[in-house]
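# Overview (structure and organization)
Listed below, chain by chain, are the residues.
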Amino acid sequence: MRLMLSGKATCNSHGQDSSYFLGWEEYEKNPYDQTRNPQGIIQMGLAENQLSFDLLESWLSENQDIAGFKRNGKSIFRELALFQDYHGLPEFKKALVQFMEEIRGNKVSFDPNKIVLTAGATSANETLIFCLAEKGDAILIPTPYYPGFDRDLKWRTGAEIVPIHCTSSNGFKITARALERAYQEAQNRNLKVKGVLVTNPSNPLGTTMTQAELDLLMDFIIEKQIHLVSDEIYSGTVFSSPNYTSIMEVLSKYEKAEVWDRVHVVYSLSKDLGLPGFRVGAIYSNNDSIVAAATKMSSFGLVSSQTQYFLSALLSDKKFTKNYISENKKRLKKRHASLVSGLQNAGISCLESNAGLFSWVDMRHLLKSNTFKAEMELWEKIVYDVKLNISPGLSCHCSEPGWFRVCFANMTEETLEIAIQRIKAFVESVSRGHDKAIGGKKCLNINLRKKFSKWVFRLSFHDREAGER
Amino acid sequence: MSYVSSNRKPLLSRKATNDGHAEKSPYFDGWKAYDKDPFNPTQNPSGVIQMGLAEHQLCFDLVQEWLVSNPEASICTKKGVDKFRDIALFQDYHGLPAFRNAVAKFMGRVRGDKVKFDPDRIVMSGGATGAHEMITFCLADPGDAFLVPTPYYAGFDRDLCWRTEARLLPVVCHSSNNFKVTRKALEEAYAKAVEANISVKGLLLTNPSNPLGTILDRDTLREAMSFINEKNIHLICDEIYAATVFRQPDFISIAEIIEEDQEYNRNLVHIIYSLSKDMGFPGFRVGIVYSYNDAVVECGRKMSSFGLVSSQTQYLIASMLSDDQFIGKFLLESAGRLATRHNDFTDGLCQVGIKCLNGNAGLFLWMDLRGLLMDSTVEAETALWRVIINDVKLNVSPGSSFHCSEPGWFRVCIANMNEETTKVALARIREFVLRNGNKPNRKEKCWQSDLRLRLSFRRIDDVLRSPCIMSPHSPIPQSPLVRTRT
C-alpha cells in the first residue's frame, strides 16, 4: 500500500523520527503532574511561554465586547464567519505590524501591506521556501537549529538544507569561514544556494545576533546575490542585554540597493504571546513578487477570522501591549536565572544567553566519550532515570556532542525547582560513580532505539534515504 | 520587479512566478466589476450584484442565537475564559478530541446517520483548499494526474496542481444526459492518459456537484468505486456541499457505498470536507481530510502542521456541533431555506423562459443560456457574460471557467444574499429579457432566437472594450481575487 502513496508520504523528511519528537512520545506516556503523577517525566523539550497568561486573561475580562463576536455592541459574527480574504483582516495586520515595531523598540517601521498571514510560523517558513527554492536548491542554516526546519523547509518543497557549522569555540557565532564552507559544500553537492535562513534570537541557543554577525550576513548575501530569511519568532523574548537588533534595522541602511528585495522576516505569536494553538504566523517582505505569491499560497493555511479579530482587538490596545512586553520579559529573565543558577549549583554551565524560552546547556563533561553515541546514552538516562524530557544537541544538528536544549518557560516555578533538584541528584550520583547501566533497565524499547540510531546515522552523513525525493 | 538578478540568476522559484495559482482565469474577471461597483440596496442600488460567490448566508440568525445562549463556547467570554490557557497552548496536530468527535458526529448526521465516522480518521487542514492540496501531496508525485469530471470548481487547478505539480485530466460530461459521469467517459479519459504516458493516481469527484448543484446517484457512485478498484487508483470525494441537499433524492455519501461491498479496497477512498458551505463559516478555515487509509491519515496528520485549525475555533466548533438539538434544528431549517431560495429563483427564471439544470443541492443554479449564444463557442459565451455583467449587472460565472465542454452554461449563486436582493436580481433578469426578447408567454424557442438576434445587433465592440472588464487574455496582472474559495 505504501507504493500507492507519493514519495513525500513515504519518505522520512518530515523528520518525525528525530529524537526531538521521540522524547515527546515518552513524555506523553508518563507525564509529570504535581499531584497525580509526581514521578512522571517533566517536559522540558517544549519551547512554550506559559508565564504571562494572567495578563491575557485579565485583558479579556476587561474587554468582554470582543468576546461575543461583537464590535461596539453590535454582532459581527456574520462578517467574521464569511471573511476569507487572503489579504487578511486589515485591522489585524495593522495591529500586528505595530506590535512588531514595538518589540523592536520602534527602531523600524513595518508596512501592513507587506505582511502575509499564515497558519503559524510552520506554514510561513514553508511558504517562503516554496517561493524561493525548489528541488536542486539549498538553504544554508547555521547549526544548531530548530529540528522542525527539516520538515518545514524541505519536506514538501524539495529544497535542501546545508548547515553552516558553528561551534562552542566562539559561542556558536556565525563566521565568514563557516559561511563560505557551507556555500562550498552546497556547490560540491551540486546544489544551487538560494539563501540563508537564520533564527534571531536563536533557537536553541537563546542568544541574539551581534551587529558583526548581521553585517557579515548582509555582506555574504550581497556578494552571493541570494536571499536572507530571518525567523524572528522569539523577538519578544529578549529579556536582557545586549539589546535586540532585527535584520530589518540593518536593512534600513540598504533601502535603494538590490538586496532590499532579498531580505525577509518570519514572525508568529506562538512564543511571544504564548498562543501556539491559534496558528498565527506571518511573512514580511519588501519584495512585491514574494508578497504577491505568498499571499496566494496562504490560501492553503489562512488564520481563522475568529482569531484575527480577537488578536486585532488585543494588539490594538497599546496600554496592554506595552505592559505585556515589559512584564513578559521580566518574568522570562527571572525564570532563566532560576534555571541557570540551579544548573550551576549542579556544576553544569549554560551558554550565556539573553533571549528565548530555553537554555543551551553544556553537559559535555557528563559524556562518557566525545561522541554522539555517548550523547544519546546520556539523553536516555536523563529521560528515563532523571525523568526530564530535554532536547539533545544532535536533534538540533549541533556538530559537537554534549549540548542540550532545556526549556524553562513551560512550567510552574515549583516544577522547575523539582527539575533542578532531579538534575542535581543525578549529577551527584554520577560523580559518586553510581552510574546505572542502560542495558539492565531496558528503559528505551528496542524499536525506539533502532529508530533513533537510524536517524542519527542518517543525520551524520547528511544523506537522504534511497527512495526519498 | 525583475525576477532575475543582474547576472541572470533566477531569484524566485518557478512556483512563485508561474501561473499555477490559476488566478488569470476569466473566472476571476467578474470580481473586478463587482469590487468596483458593488450592489448595496440603499447606497448603491444600481451596483453589480454578486452571484459568483458560493456562500451560505441564509442561517446566520440561528447561529447567532446559539452563540448568545452559549457564551462558554468562546474562550474569550467570562464563561469560557477558564479554558483560555489550555486552548491557547493546544497545538497538537491530532486536534482537540472534542473537535474531532463533534465533526465526526456532525458528518454522520448530515448523512442521515446512515454511516458512522471514526474521529481518529479526521485530519485537519486549512479549509478544503488546504485539504485538497494536502491529500494530493500524500497521494501524488509531480507529474501524476487525477481525473476530474467537467464541469468542475475552478479552484481545483490551483489546489491540486500548483505546488504539488500534479495535473488534472478532464472526464468530459455532457448536458445530453444531464452531465452524468459515465463509465464510458471515465474509461476514455483513463485510456487517453495511458496513451500519453501519464500516470493516473486517482479520480476526484465533487458530490454534491459544484457547479451543477446535483448529487451523484447510487449507480454512478458504484461505477466510480468499481472503476477505481479495477484500475487500482484513489478516489477523492469532495463532499463539501453535503448538507446543502434541500430536496429528494437523498444524498448518498461514498461512505455508504464503501459499506456495500467488502471487496472494495477502502485504502483507496478519501473524503474531503469543510464547514465553509454547510455551516457558512468560510472564514474559520475548518477543513477536514477523512481517509480510510491509515498511512494517509498518518502522513496527512503530519502535513496538517502546515494548516491546523485555530484551537480557538476548534473549541467553538466542538461546542456547537455537539449540541444535538441545535444541529437538528439548523440542518432542517437550512435545507428549508435553501429550497425556498432555489424555488424563488427557478420559478422567477422560468417565467422569463430561462431554464436551469434540475438540481437539489448546492448554493447555486446551473443556468442554461445556450439559446442566447450567437454561436456555440467560448467567445460567444464570454461576450454574453460581459453583457450580463455590464448591462444586467450580475456577476455570474461562465461555464468555461469550470472547464465545461459546452458553451452557454452559467453558474449563478443564490444563497449569498437576502430576500430583497433576490427580488432585485430577478427583476433585473426579467427586465433584461423583456427588453431584449418578446413577451414571456411566447414559445421558448422563438423567444430565444429573437433575443439572440437582438443581442447580435448590440455593439459587441463596446462591450469588449469596456474598461470594467479586462480580456481574459490580458497580460496585465490582475488580482481581483479576494476570496480563497468561491
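Residues numbered from 1 in each chain as written. Chains lettered and ligands numbered in written order. Predicted model: local features only at pLDDT ≥ 70, side-chain atom pairs only at ≥ 80, totals over all residues. Heavy atoms only, no water.

In the annotation of an unreviewed UniProt entry, chain B is listed under the name 1-aminocyclopropane-1-carboxylate synthase and assigned to Eucalyptus globulus. Quoted straight from UniProt, the Pathway (unreviewed entry) entry for chain B says "Alkene biosynthesis; ethylene biosynthesis via S-adenosyl-L-methionine; ethylene from S-adenosyl-L-methionine: step 1/2." According to its UniProt record, chain B has this under Sequence similarities (unreviewed entry): "Belongs to the class-I pyridoxal-phosphate-dependent aminotransferase family." (UniProt positions renumbered as here; feature names shortened; annotations may be inferred.)

Per an unreviewed UniProt entry, the recorded name for chain A is 1-aminocyclopropane-1-carboxylate synthase, and the organism is Eucalyptus globulus. If you open the UniProt record of chain A and go to Cofactor (unreviewed entry), you find "pyridoxal 5'-phosphate". UniProt, in the comment section headed Function (unreviewed entry), describes chain A in these words: "1-aminocyclopropane-1-carboxylate synthase (ACS) enzymes catalyze the conversion of S-adenosyl-L-methionine (SAM) into 1-aminocyclopropane-1-carboxylate (ACC), a direct precursor of ethylene."

## With respect to the packing of aromatic side chains
If you walk through the whole model with that rule in mind, you get 36 aromatic pairs over all chains. Ring geometry for Phe77 of chain A versus Phe60 of chain B: centroids 6.1 Å apart, planes at 75°, classification edge-to-face. Here Phe77 of chain A, found in helix H5 (residues 77-82), pairs with Phe60 of chain B, found in helix H3 (residues 60-69), and the two come from separate chains. By relative accessible area, which is 0% here, Phe77 of chain A ends up buried. For the ring pair Phe172 of chain A and Trp360 of chain A, a centre distance of 6.1 Å and an interplane angle of 80° mean the geometry is edge-to-face. Of the two residues, Phe172 of chain A sits in the loop between strand E6 (160-164) and helix H9 (176-188) while Trp360 of chain A sits in strand E12 (residues 358-362), which places them 188 residues apart along the sequence. (Phe/Tyr/Trp six-rings, centres within 6.5 Å; stacked < 30°, edge-to-face > 60°. Helix = DSSP H or I, 4+ residues; strand = E, 2+ residues; numbered from the N terminus. Buried < 20%, exposed > 50% of the residue type's maximum accessible area, 1.4 Å probe, protein only.)

## Some points on the nonpolar core
Leu96, Leu140, Val196, Leu269 and Phe310 of chain A together with Phe84 and Phe281 of chain B are the most contacted members of the largest nonpolar core, which has 294 residues in total. Sequence-distant contacts of Phe84 of chain B, defined by excluding residues within four places in its chain, comprise Phe53, Leu56, Glu57, Leu60, Leu275, Phe278 and Phe310 of chain A together with Ile75 of chain B. Counting residues in each nonpolar core, the second largest holds 31 residues, with Val352, Ile354, Leu373 and Leu394 of chain B among its members. (Core = buried A, V, L, I, M, F, W, Y, C linked by side-chain atoms within 4.5 Å. Contact = heavy atoms within 4.5 Å.)

## Observations concerning the confidence of the model for chain A
Residues and elements named next belong to chain A. Averaged over every residue, the pLDDT of chain A is 91; residues scoring 70 or more account for 90%. Predicted confidence for residues 436-444 stays below pLDDT 50, and this span has 13 contacts to residues more than four positions away or in other chains. For the stretch residues 456-469, pLDDT sits under 50, and the model shows 22 contacts to residues farther than four places along the chain or on other chains. (pLDDT = per-residue confidence, 0-100.)

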